[in-house]
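# Observations on the model geometry
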Amino acid sequence: MPSPRDHQPVRVRFAPSPTGLLHLGGARTAMYNYLLARQTGGQFILRIEDTDQKRYDPTAEQDIIDSLHWLGLQWDEGPDVGGPHGPYRQSERKALYQPLAAQLIENGQAFYCFCSREELEASRNEQKARGVQARYAGPCRDLSPEEAQARVAAGAEHVIRFKMPREGSITVTDRLRGDITFENRNLDDSVIVKSDGLPVYHLAAMADDYLMKITHVFRGEEWLPSLPLHAHIYRAFGWTEPEWVHLSLFLKPSGKGKMSKRETEAMRLTGQTIFVKEMGALGFLPEGVLNWVALMGWSYDDSTEFFTLEDLVSKFTIDRLNPSNAAIDFKKLDHFNSLHLRALPPEELARRCMPFLVAAGLPADLETVTRIAPIIRERMVTLDEAPDWMAFFFKDKVEPAPESLIAKDLTAAESRAALARATAELEALPEWTHTAMEEKLRALVEELGLKAGQLFGLVRNATAAQPVSPPLFESMEILGREVTLARLKYALGLLETLT
Ligand code: GLU
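First, a word on scope: everything that follows refers to the structure included in this document.

### A word on the overall build of the protein chain
The number of helices and strands found in the protein chain is 20 helices and eleven strands. In terms of C-alpha radius of gyration, the protein chain reaches 32 Å, well past the compact-globule figure of 23 Å for 499 residues. Taken along its principal axes, the extent of the C-alpha atoms in the protein chain is 105 × 45 × 35 Å. Counting only residues that meet the buried cut, the protein chain has 49% of its 499 residues in that class. Positive and negative side-chain charges in the protein chain, numbering 57 and 70 respectively, have mean positions lying 4 Å apart.

In structure tokens form, the structure reads like this:
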């Protein structure tokens with residue numbers, strides 16, 4: 001069911017924990033947030049959820065920022081750009097959570113818990129042995145507030161737990177799944193503030209979503225089991241809940257199960273990755289990655305597949321999100337990448353090819369690459385292929401294997417004669433254009449009674465001498481008269497050694 005809140009300016013957040021590199025799932029969540037914010041003229045917020053010190057990775061925040069920038073998903077408020085609801089790192093918001101936890105205690109909706117690890121463990125084991133679902137069963141829930149306060153004042157180590165009602169149920173609406181009812185008796189008295197005084201995700205995220213006036217929460221389906229706790233926290237404070245949107249998960253390419261760490265590493269060895277940072281180096285365009293990821297869990301209709309970020313901003317709707325999990329399909333990424341590669345204006349494509357050409361040690365210049373771009377863009381799948389396709393344009397000399405200059409079904413002498421005629425015809429051309437060259441060489445094919453492939457293959461090997469190359473005549477036009485003729489003559493010399 002659509003919500004009127006989808007059409008008012010939304011406030012949405014991407015709230016990653018800085019525990020590792022930004023992966024595809026995170027990129028998709030960030031993108032859906034961004035789309036709805038831009039569509040409605042609302043705000044997209046980046047919030048860093050760094051309360052878990054054990055899993056904290058100091059390089060992760062920068063990676064998240066760089067990866068989102070690479071994708072072109074700019075936020076309006078965040079740790080680096082500030083905003084009216086900061087700070088945007090949870091570790092810097094500690095002071096904001098304490099009064100909220102105190103309020104819950106005051107209202108009898110949370111309690112101090114002094115149980116030791118051993119006591120909790122023993123209680124869990126005892127429940128397991130009885131075959132019941134393990135949940136908090138210690139005495140602290142029923143301590144009098146005075147006694148609990150006195151123990152806290154005396155410096156007793158403690159956490160704060162949410163006091164889950166023992167009876168009744170809670171019904172929460174997820175936008176993809178409708179109303180979901182959870183029985184309270186199955187829910188635990190979860191820890192909301194740790195012994196170090198820092199809140200856990202459950203409290204911190206709910207508090208921040210409220211304080212930052214978040215209207216829609218997009219997050220992975222793995223958070224569904226926590227939804228009843230989160231709704232209870234919201235309701236305990238009397239806050240209006242956001243729209244809850246739990247996104248489907250990405251499965252392994254085989255479709256069997258979620259991506260694991262081991263899988264991810266194995267994938268890297270085969271030149272595939274789920275990490276945004278590594279996609280650029282593999283030659284993927286942000287446009288291709290966005291299009292691919294957008295359609296893993298959302299569709300516009302059953303046929304449209306090409307979307308720019310702008311298209312997505314205007315067409316995205318929550319109601320077309322799909323709750324089924326999707327297997328990561330790298331063939332589709334290639335497909336979307338090539339679609340977007342073709343859609344780039346030549347100079348832009350050239351600009352993006354340049355780093356790959358330079359890294360391959362080729363003295364490429366933007367002007368020449370811009371001329372090559374139109375004849376190459378239908379063929380290339382990823383930018384890292386640029387040197388494979390273009391190297392011959394930038395080499396001083398190419399070195400064809402002499403045998404590669406023998407045309408199919410011809411002898412070396414016949415090949416040499418054909419190539420000599422072709423060279424002479426081209427040399428005599430008043431205009432060095434691909435149409436003029438093609439016309440001449442087609443006439444020559446006729447005259448010599450050859451097949452086009454025989455002569456053109458020969459000329460191609462003489463001028464490009466690489467396994468893949470763009471269309472011959474356009475290539476020779478770009479190579480220029482002088483270079484082309486020099487290569488043809490050099491090839492003639494090589495053929496001579498075989499005759
Ligand atoms: N910090 C949580 C995570 O990285 C965010 C979940 C949410 O968006 O609420 O999984």
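From this point, the narrative continues.
### Remarks on the state of the cysteines
Applying the stated rule across the entire model yields zero disulfides. Free cysteine Cys140: the closest other cysteine sulfur is in Cys115, separated by 3.7 Å. By relative accessible area, which is 5% here, Cys140 ends up buried.

### Details of the side chain of Arg93
Mapping Arg93 onto the fold places it in the loop between helix 2 (60-71) and helix 3 (94-106). Classification of Arg93 as buried rests on a relative accessible area of 2%. Looking at Arg93, its side chain comes within polar contact range of the main-chain oxygen of Pro87, at 2.8 Å. Among all residues touching Arg93, those that are not within four sequence positions of it are His85, Gly86, Pro87, Asp208, Leu211 and Met212.

### Things to note about the nonpolar core
Membership of the largest hydrophobic core comes to 52 residues, with the highest contact counts inside it found for Leu68, Phe218, Trp292, Phe316 and Leu321. Broken down by element, the residue count for this core peaks at nine residues, all from helix 1 (residues 24-40). Aside from chain neighbours lying at most four places away, what touches Trp292 is Leu24, Met279, Ile328, Asp329, Phe330, Lys332, Leu333 and Phe336.

### Let's talk about the site of the ligand
Arg13, Ala15, Pro16, Ser17, Glu49, Tyr201, Arg219 and Trp223 make up every residue found near the ligand. A distance of 2.7 Å separates an oxygen atom of the ligand from a polar atom in the side chain of Arg13. Glu49 places a side-chain nitrogen or oxygen 2.6 Å from a nitrogen atom of the ligand. Here the ligand, which alone exposes 290 Å², has 83% of that area covered by the protein. When the residues that make up the shell around the ligand are grouped by side-chain class, the tally is four nonpolar, one polar and three charged.

### Quick word on the pattern of salt bridges
Applying the stated criterion across every chain, the model contains 32 salt bridges. Put simply, Arg268 and Glu278 hold a salt bridge, and the shortest N to O gap is 2.4 Å. Of this pair, Arg268 sits in helix 8 (residues 261-269) while Glu278 sits in helix 9 (residues 276-281); the two residues are ten residues apart in sequence, bridging distant segments of the chain. Residue Arg268 is classed as partly exposed on the basis of its relative accessible area, which comes to 28%.

### What about empty space enclosed by the protein?
Evaluated as defined, the whole model comprises one cavity of 30 Å³ or more. Taken as a whole, the largest cavity spans an internal volume of roughly 40 Å³. Taken together, Phe392, Arg460, Thr463, Ala464, Ser469, Pro470, Leu472 and Ser475 make up the lining of the largest cavity. Broken down by secondary-structure element, the contributors of at least two residues to the lining of the largest cavity are helix 18 (452-463) and helix 19 (472-479). Its residues placed into classes, the lining of the largest cavity shows four nonpolar, three polar and one charged.

### Quick word on helix 1
In this model, helix 1 (17 residues) spans 24 Å end to end at C-alpha, consistent with the 24 Å of a helix rising 1.5 Å per residue. Most of helix 1 sits out of view: 15 of its 17 residues are buried.

### Considerations on the environment of Phe44
Residue placement: Phe44 occurs in strand 2 (residues 43-46). Residue class for Phe44 comes out buried when judged on its relative accessible area of 0%. C-alpha separation for the pair Phe44 and Leu73, spaced 29 residues apart in sequence, amounts to 9.3 Å. Beyond its immediate sequence surroundings of up to four residues, Phe44 is in contact with Val12, Phe14, Ala30, Asn33, Tyr34, Ala37, Leu73, Gln74, Trp75, Asp76 and Glu77.

### Overview of the sheet that holds strand 3 (residues 110-113)
One open sheet accounts for three strands, arranged 3-4-7; its pairing is antiparallel. Each end of this open sheet is capped by a strand with a single partner; those strands are strand 3 and strand 7 (191-193). The average angle at which neighbouring strand axes cross in this sheet is 45°, direction not considered. Alignment of strand 3 against strand 4 (residues 159-162), held across four bridges, turns out to be antiparallel. Bridge assignment links Cys113 to a residue of strand 4, and that residue is Val159. Contacts from helix 3 reach strand 3, strand 4 and strand 7 within the one sheet, and its direction differs from that of strand 3 by about 100°.

### Description of the packing of aromatic side chains
The final tally for this structure, using the stated rule, is 18 aromatic pairs. The interplanar angle of 35° and the centroid separation of 6.5 Å between the aromatic rings of Tyr112 and Phe114 together place this pair among those described as tilted. Phe114 carries the same exposure label as Tyr112, and that label is buried. Here Phe456 and Phe473 contribute two aromatic rings whose centre-to-centre distance is 5.1 Å and whose plane-to-plane angle is 90°, an arrangement assigned as edge-to-face.

### Quick look at the pairing of strand 5 (residues 169-174)
It is a general feature of regular strands that their side chains alternate between the two faces of the sheet. Side chains of strand 5 alternate between two faces, with Ile170, Val172 and Asp174 buried and Ser169, Thr171 and Thr173 left unburied. The sheet contact formed by strand 5 and strand 6 (residues 178-183) spans six bridges and is antiparallel. From the neighbouring strand, Ser169 faces strand 6, where its bridge partner is Glu183. Count of turn residues in the strand 5/strand 6 antiparallel hairpin: three residues.

Rules of the game
Residues numbered from 1 in each chain as written. Predicted model: local features only at pLDDT ≥ 70, side-chain atom pairs only at ≥ 80, totals over all residues. Heavy atoms only, no water. Helix = DSSP H or I, 4+ residues; strand = E, 2+ residues; numbered from the N terminus. Rg over C-alpha atoms; globule rule 2.2 N^0.38 Å. Buried < 20%, exposed > 50% of the residue type's maximum accessible area, 1.4 Å probe, protein only. Lys, Arg positive; Asp, Glu negative; His and termini not counted. Charge placed at Lys NZ, Arg CZ, Asp CG, Glu CD. Disulfide = S-S within 2.5 Å. Polar contact = N/O pair within 3.5 Å; in protein donor to acceptor, adjacent residues only side chain to side chain. Contact = heavy atoms within 4.5 Å. Core = buried A, V, L, I, M, F, W, Y, C linked by side-chain atoms within 4.5 Å. Near = heavy atom within 4 Å. Areas by Shrake-Rupley, 256 points an atom, 1.4 Å probe, with all protein chains shown as cover. Nonpolar A, V, L, I, M, F, W, Y, C, P; charged D, E, K, R; others polar. Salt bridge = Lys/Arg side-chain N within 4 Å of Asp/Glu carboxyl O. 1 Å grid on protein atoms, 1.4 Å probe; cavity = no way out; pocket = protein on both sides within 12 Å on 5 of 7 lines; lining within 4 Å. Points joined across faces, edges and corners; volume = space filled by probe spheres on them. Expected span 1.5 Å × (residues − 1). Pairing = 2+ DSSP bridges. Axes fitted to C-alpha atoms, helices over the stretch in contact; angles between N-to-C directions. Phe/Tyr/Trp six-rings, centres within 6.5 Å; stacked < 30°, edge-to-face > 60°.

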